[in-house]
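# Architecture and fold: a report
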Amino acid sequence: MSQPRHALSFRPGTPIYGIGVAGLAWRVERGSVRLDGHGTPGEARFASLALPGDIIGSEAMLFGTYAFAASALTECELSPWPEGAASARSGSLLRSLATAQRRAADLVALRGGEAVRRVIGLIRIMADGYDDAAQHVVLPTRQDIADITALRLETVSRIIKRLERDGMLQPVRIDGVHATRSFAVDFGRLAA
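Here the structure is a predicted model, which is why all the values come from computation and not from measurement.

### With respect to the packing of aromatic side chains
- Applying the stated rule across the entire model yields one aromatic pair.
- Aromatic side chains tyrosine 17 and tyrosine 66 sit 3.5 Å apart centroid to centroid with 15° between the ring planes, which places their arrangement in the stacked category. Residue tyrosine 17 is located in strand β2 (residues 15–17), and its partner tyrosine 66 is located in the loop between α1 (59–63) and β7 (69–72); the two are separated by 49 residues in the primary sequence. The exposure classification of tyrosine 17 matches that of tyrosine 66, with both residues buried.

### Some words on the sheet that holds strand β1 (residues 8–10)
- If you trace the four strands from one edge of the open sheet to the other, you get β1-β8-β3-β6, paired in antiparallel fashion. At either end of the open sheet lies a strand with only one pairing partner, and these are β1 and β6 (55–56).
- Note: β1 against strand β8 (residues 76–81), three bridges, orientation antiparallel. Bridging from a neighbouring strand, leucine 8 pairs with leucine 78 of β8.

Analysis parameters
Residues numbered from 1 in each chain as written. Predicted model: local features only at pLDDT ≥ 70, side-chain atom pairs only at ≥ 80, totals over all residues. Heavy atoms only, no water. Phe/Tyr/Trp six-rings, centres within 6.5 Å; stacked < 30°, edge-to-face > 60°. Helix = DSSP H or I, 4+ residues; strand = E, 2+ residues; numbered from the N terminus. Buried < 20%, exposed > 50% of the residue type's maximum accessible area, 1.4 Å probe, protein only. Pairing = 2+ DSSP bridges.

Scope: geometric values only; no functional claims are made or implied.
Structure representation (structure tokens):
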């Protein structure tokens, strides 16, 4: 089977690739991707988050198969990687690796501490992946937020509702995005 050499789009919740499958490395062009490792049978174990500019699946270039399962957290578009000239490839990989390393540290911090600070931290991380981060963000499902922050679904739902009630998050309509996932964010109030 030949591998695609053009950009592909994925709807939220759609699997992109699985553990142990051979394939290409990909650059996230827009949206966000969840990476999961082996968990208990029938259950995924959150491993990382990829945002625009990140390269995912590069381990398949080295080991022949993917070490993680990837699925779309939000509407996303991926392009095959590497692209362009060799010098551009090495620079983009180094930038992607540095960004991924910083984000990994931020994600670890989301696994402990005050619940509302964890959710706000994830909102900030997600906003970094959007061009209009000062105004809008598309969040993952409440269950994905719970998995990423190691909180219960009910706790996440309560926190999101509280942030909405306090005016820090205001629902906005974005075509193709479920109404409960797209928000205008008041980053000044979130910081307080």
